[in-house]
Structure formats: C-alpha cells, structure tokens
2 protein chains.
Amino acid sequence: MERYQVKIAYDGTNFQGFQRQGSRRTVQSVVEEALRSLNWQQRAILYAGRTDTGVHAAGQVIAFDLDWAHTPNELGRALNANLPEDVAVREVTIASSNFHPRYAALARCYRYRLYCQAERDPLRGRYAWRVYPPPDGDLLGQAARTVAGTHDFAAFGSPLSPGGSTVRTVFSAKWEQAGDEWRFEIVANAFLYRMVRRIVFLQVQVGQQRLSIDALAAALQAPAPLKPGLACPGGLVLERVYYSLDRLLPEGLAKPLNASGEEDCG
Amino acid sequence: MERYQVKIAYDGTNFQGFQRQGSRRTVQSVVEEALRSLNWQQRAILYAGRTDTGVHAAGQVIAFDLDWAHTPNELGRALNANLPEDVAVREVTIASSNFHPRYAALARCYRYRLYCQAERDPLRGRYAWRVYPPPDGDLLGQAARTVAGTHDFAAFGSPLSPGGSTVRTVFSAKWEQAGDEWRFEIVANAFLYRMVRRIVFLQVQVGQQRLSIDALAAALQAPAPLKPGLACPGGLVLERVYYSLDRLLPEGLAKPLNASGEEDCG
C-alpha cells in the first residue's frame, strides 16, 4: 500500500463542483468511482481544495492509498481509461504515507480569463467571462496591487468552518493583456469560498470606473461579507498547488513559508 | 425588405453540423428558428459553406431577406437574444439584394489547433486535437508547402455534387508553434468535404515520420479518394470568408481573384 499524490485537471462546466454531495455529478465522486474500478476501498480521497460549480482545474492535487503492482505512470493511464472526457490525471507520484494535499500546501495559484467584446463569443464563453466596456489596464494594475498582501478577507467570503480565520496572504496578484483579453493570476496561501471571483469582479468594477480604488481598499478593511458581485465561474482555473519552495521562489516569493493549514476554496 | 449579410460564430460540439437535416440540432435550424421569432418567413437562409459535426466557426457567413425596422446592430442583438449559448451573431451588414455568401466568396480561411501531450488535457479537448509524439516542425512546414497551390484534391474528398470539380487552389498553408501546440492556417478558394481534416491528418503523419513528403505529394496526384485518417473535428474552426481583395492581399495573396463559385465544405 502506497500513498499516491496525483495532479488532476478537469473542465468544471458539467460538474456541480469538486466535493462529493450525494448523487450529484462532482469531480470527487467521478474520481472515486474510477479508483474503485482499480479495487480502491477507502472512504474518500484527500484533496488540496474544493472548487465551485463550473470552475476548472489544470492542477488540482488529490491523494489516496492504494495497492498497485505497477508504476505510477501506469496508474495514471489506468485511471484515465476509467475517467470521463472532462477529467484527466496529469501526473502521479508516490508521496510519504502522511502526505495531505491540503495541509501540506504552501500556496495556490488561480488564473482568471476575461474577454472584452460587445457581443458574446461562443468559442470563448466556456473558459472566459465577457466584460464590456473593456476595463482600463492601469486601473486593473492598481486594483491588483491593492489586493496583494495580508488582509482579513471577511468582506470577500465566510470562513469555511464556523469561527475559522478569514485572514489570507496574497503573495502576488497581476493582470496581463493578450489581444482583447485580460488574464489575472493570483497566488495566496489559501482562499475563502468564492474569494477569487469576488476579487476579479471588484477589480473589473474598478477598471470600468464604477468603483474607486479607495472603495476597494475599504472593502479589504470591512469586517463582514459585502456580497459584491461574482465573476462567472467558467473564467476561473485552479492552476497549481505549491508544495515546495523551489517552485514558489522563481515566482518572486522571497520569504520561506510554512504550510498554511488553511482551509481552501477558490 | 433588405438582404442582410451576417457573420456568425458557433461552438460546433453540440451540433450535428451546419446544414439543416430534419429534426436534428444543426446550426442552420437553430439560426432559422431565431429568425422566425423576428417574423422571417423565407424557406431557408443562404450560407458560405457547410461545416461538419463538431467543427466550429468564428466567421461563418449567412444571408437572408428580412423586413426589419431598426438598425443592423439592433438586428444582431435581437438575434443573439433568441439564439442559444453556442451560437452568436458577430456582425450584421446590409448587402446588395443578390448577394449570395457562397457564390460571392473569393476564399475561405480555416484554422486547426493541436496540442502535444502524452495524456489528454480536459481543458483543451474541445478545441484541439491531442497528438503524440510531437510532430517535427520542419517536416510540418515541408508538408504545408507541398499542399499549397492548385491541385486535384480528389484523393482528399469527393465533390459535393456528383460530377463536380475536385480541383481547388490553396493560396496559403502554414504552421505556427505556440508552446506545446501547433496551429495550422489554410486559405483556399474552396474546400472539399473533410478536406482540411484530411490534410491536417496527413501532415501530422509526415511530421511524425510515419509518411514521407513524397507519399504526401503522390496523394495530391491520386485520382480517387485515398481515405486517409481524419483529424478530430474539435480542432477545426472556419475562421473567415473573404469577399474582398482588401482583406486577401495583406495575407500575401497577390493576384486578383474571381469569385470561385465552388461548393465549399471544410
């Protein structure tokens, strides 16, 4: 019996989120079903973070214990043969027996994509949010710098368990332009429920001059949920979960981190 | 009553191709249904070319006659309000009363996208074909140069109507690399049924050294369908239909063209 650490990718469109919920089609239940066909008998897989209905992942991380006589690569291929089109195993490694993908995570990276067109584009609606008029790039940049750092994000989401902390540290937040698209990348130790989509929504409001930077800064001081709007789920991708400093440092994060232990939910 | 020339985009995944066929869900039937809600009463719309099941379009062109009291932009918005998520009007203009999107077309541009990964990527499978091992870029380039020019493409598809010509002129064919992806762009006066996907398939065979350039050149001389394999439909997009030289010339097409009149089907 080994503990396997597995990176999975999924198109969230036809899932009711990651986490198992009764008979609903969720990523967790589909992956667990594929595992059972390989004679896996545990109660539940472990995972780095829940994603919401319609949110995608390129690098979600799960873990489970399994008796498997072949190589990790062969395990990946066997799982892919049993998984539907919209989920796939991308990488399999053997982890230490106490590895937990949530508690061991140092940080998470999410990406958000939006496109600026007056009318919808059916070839982009699945993976990007249509925003019009186009936001101003300088204002988006200012908004991202305002969000970066350690804040009590209570205004952006409730704790995942009652009484849990709503303080999170955003290591980096930046926008990049590509044609008529804007792409946002945010790295933080962990995220509150719907936090990324609320942050994106408010930044777009700033970029469209419907909200001032001061009002955004004030929201970061507010003690309770403000219920700002939500950017659509299809634009959001859980890109990567970080377990080592080697991968964090090149991204410009200078100081050593301890595993956050925070509950996470993009 | 005016004749409207309308550029539409669609995600072909959930359509059984463009052309109306009984009660099947096709792009034509969905668009005609939206038009009927605006009191359109003709028998059928006109269109530049049929696309196959699962093939997408960013710039398909249709035309129809309609009594419409408002602006072309407002017609676009009214149609979009009546169209499902996977089809959208991108541009509406008033055309001359005898404009026919197929007969007036000087050329068509299709794009094909593929990605090179050992395992499938659920976030790309809808719009790209997974190819592994990665094809060689020099060989892809040689293959594209072999395809360019005027050839009898009988080996790549049957004529759309019995006895129709299978000679087509490929004005340009080129590959471009983007990370682990290869993107193919082909401009021709018109295309035979499944011609682009057969050309892509054979070029990939060349790129993977499973087929020689000479064998590809011989296929361009073959008088009858060779039934080579087919690249998957999701990677293919009808990008643009050309009605004016202004748009063709910057793409490197030097000589004036007459409307091809060829039946077209990517």
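Now for a look at the structure at hand. (Residues numbered from 1 in each chain as written. Chains lettered and ligands numbered in written order. Predicted model: local features only at pLDDT ≥ 70, side-chain atom pairs only at ≥ 80, totals over all residues. Heavy atoms only, no water.)

This part covers the relation of the copies chain B and chain A. Rotating chain B by 180° and moving it 0.0 Å along the rotation axis overlays it on chain A with an RMSD of 0.0 Å. On the angle and the small slide along the axis, the relation comes out as a two-fold axis. Among all residues of chain B, the minimum C-alpha distance to the rotation axis is found for B:R126, at 5.0 Å. When the interface residues of chain B are mapped onto chain A, 100% of them are again interface residues, pointing to one common binding face. (Least-squares fit on C-alpha atoms with pLDDT ≥ 70 in both. Contact = heavy atoms within 4.5 Å.)

Next up on the list: the packing of helix 3 (residues 137–147) of chain B against helix 4 (residues 195–207) of chain B. All names here are of chain B. Relative orientation of the contacting elements helix 3 and helix 4 amounts to 140°, with a least axis distance of 8 Å. What the angle tells us is that helix 3 and helix 4 run oblique. The handedness of the crossing between helix 3 and helix 4 comes out as right-handed. Only I199, Q203, V204, V206 and G207 of helix 4 make contact with helix 3, whose side of the interface consists of L139, L140, A143, A144 and V147. Among the residues forming the contact of helix 3 with helix 4, the class breakdown is eight nonpolar, two polar and no charged. (Axes fitted to C-alpha atoms, helices over the stretch in contact; angles between N-to-C directions. Helix = DSSP H or I, 4+ residues; strand = E, 2+ residues; numbered from the N terminus. Parallel < 35°, antiparallel > 145°, perpendicular 65-115°, else oblique. Left-handed = near helix turned anticlockwise from the far one by under 90°. Nonpolar A, V, L, I, M, F, W, Y, C, P; charged D, E, K, R; others polar.)

Further remarks concern the interface of chain B and chain A. Between chain B and chain A, the residue contacts involve 25 residues of the former and 25 residues of the latter. Across the chain B to chain A interface the summed buried area is about 1900 Å²; carbon plus sulfur atoms make up 49%. Across the contact surface, chain B and chain A share two salt bridges. There are 18 residue pairs in polar contact (both at pLDDT 80 or more) connecting chain B and chain A. For the side of chain B that touches chain A, the elements supplying multiple residues, two or more each, are strand 1 (2–10), strand 3 (56–66), helix 2 (72–82) and strand 4 (87–95) of chain B. (Buried area = accessible area lost by both parts, 1.4 Å probe. Salt bridge = Lys/Arg side-chain N within 4 Å of Asp/Glu carboxyl O. Polar contact = N/O pair within 3.5 Å; in protein donor to acceptor, adjacent residues only side chain to side chain.)

Across all of its chains, the model carries 19 aromatic pairs over all chains by this definition. Measuring from ring centre to ring centre gives 6.2 Å for A:Y4 and A:F64, while their planes differ by 35°; the resulting arrangement is tilted. Placement of the pair is A:Y4 in strand 1 (residues 2–10) and A:F64 in strand 3 (residues 56–66), with a sequence separation of 60 residues. Each member of the pair A:Y4 and A:F64 is classed as buried. Summarising the aromatic geometry, the rings of B:F18 and B:Y47 are spaced 4.8 Å apart at their centres and angled 55° between planes, so their arrangement reads as tilted. Here the residue B:F18 occupies a position in the loop between strand 1 and helix 1 (27–36), and B:Y47 occupies one in strand 2 (residues 46–47), the gap between them amounting to 29 residues. Relative accessible area serves as the criterion here: at 1%, B:F18 is assigned to the buried category. Three or more aromatic residues joined by ring pairs make a cluster, and in this case those are A:Y10, A:F18 and A:Y47. (Phe/Tyr/Trp six-rings, centres within 6.5 Å; stacked < 30°, edge-to-face > 60°. Buried < 20%, exposed > 50% of the residue type's maximum accessible area, 1.4 Å probe, protein only.)

Glancing now at the environment of B:V31. Residues and elements named next belong to chain B. Within the secondary structure, V31 sits in helix 1. Between the C-alpha atoms of V31 and N80, which are 49 residues apart in sequence, the distance is 9.6 Å. With residues near it in sequence (within four places) discarded, V31 still touches I8, I45, I62, L83 and V87.

All names here are of chain A. In the segment running from Y132 into P133, the intervening peptide bond is cis, with an omega of 0°. Looking at where P133 falls in the secondary structure, it is placed in the loop between strand 6 (129–130) and helix 3 (137–147). At R194, a residue that is not glycine, the phi angle is positive and equals roughly 65°. If you trace the backbone, R194 turns up in the loop between strand 9 (181–188) and helix 4 (195–207). Phi at Q209 takes a positive value of approximately 60°, unusual for a residue other than glycine. Within the secondary structure, Q209 is located in the loop between helix 4 and helix 5 (213–219).

Here we take up the pattern of salt bridges. Oppositely charged side chains can form a pair if their charged atoms are brought close together. Under the defined criterion, the tally for this structure stands at 32 salt bridges over all chains. In this structure, the salt-bridge partner of B:D11 is B:R126, at a minimum N-O distance of 2.9 Å. Highlighted residues: B:D11 in the loop between strand 1 and helix 1 and B:R126 in the loop between strand 5 (107–115) and strand 6 (129–130), separated in sequence by 115 residues. In terms of burial, B:D11 and B:R126 fall into one category: buried. With a closest N to O distance of 3.8 Å, B:K174 and B:E185 form a salt bridge. With B:K174 in strand 8 (residues 167–178) and B:E185 in strand 9 (residues 181–188), this pair connects stretches of sequence that are eleven residues apart. We classify B:K174 as partly exposed; its relative accessible area is 42%. In this structure B:E185 comes out as buried when scored by relative accessible area, which is 11%. What emerges from the salt-bridge pattern is a single network uniting A:R113, A:D121, A:R124, A:D180, A:E181 and A:R183.

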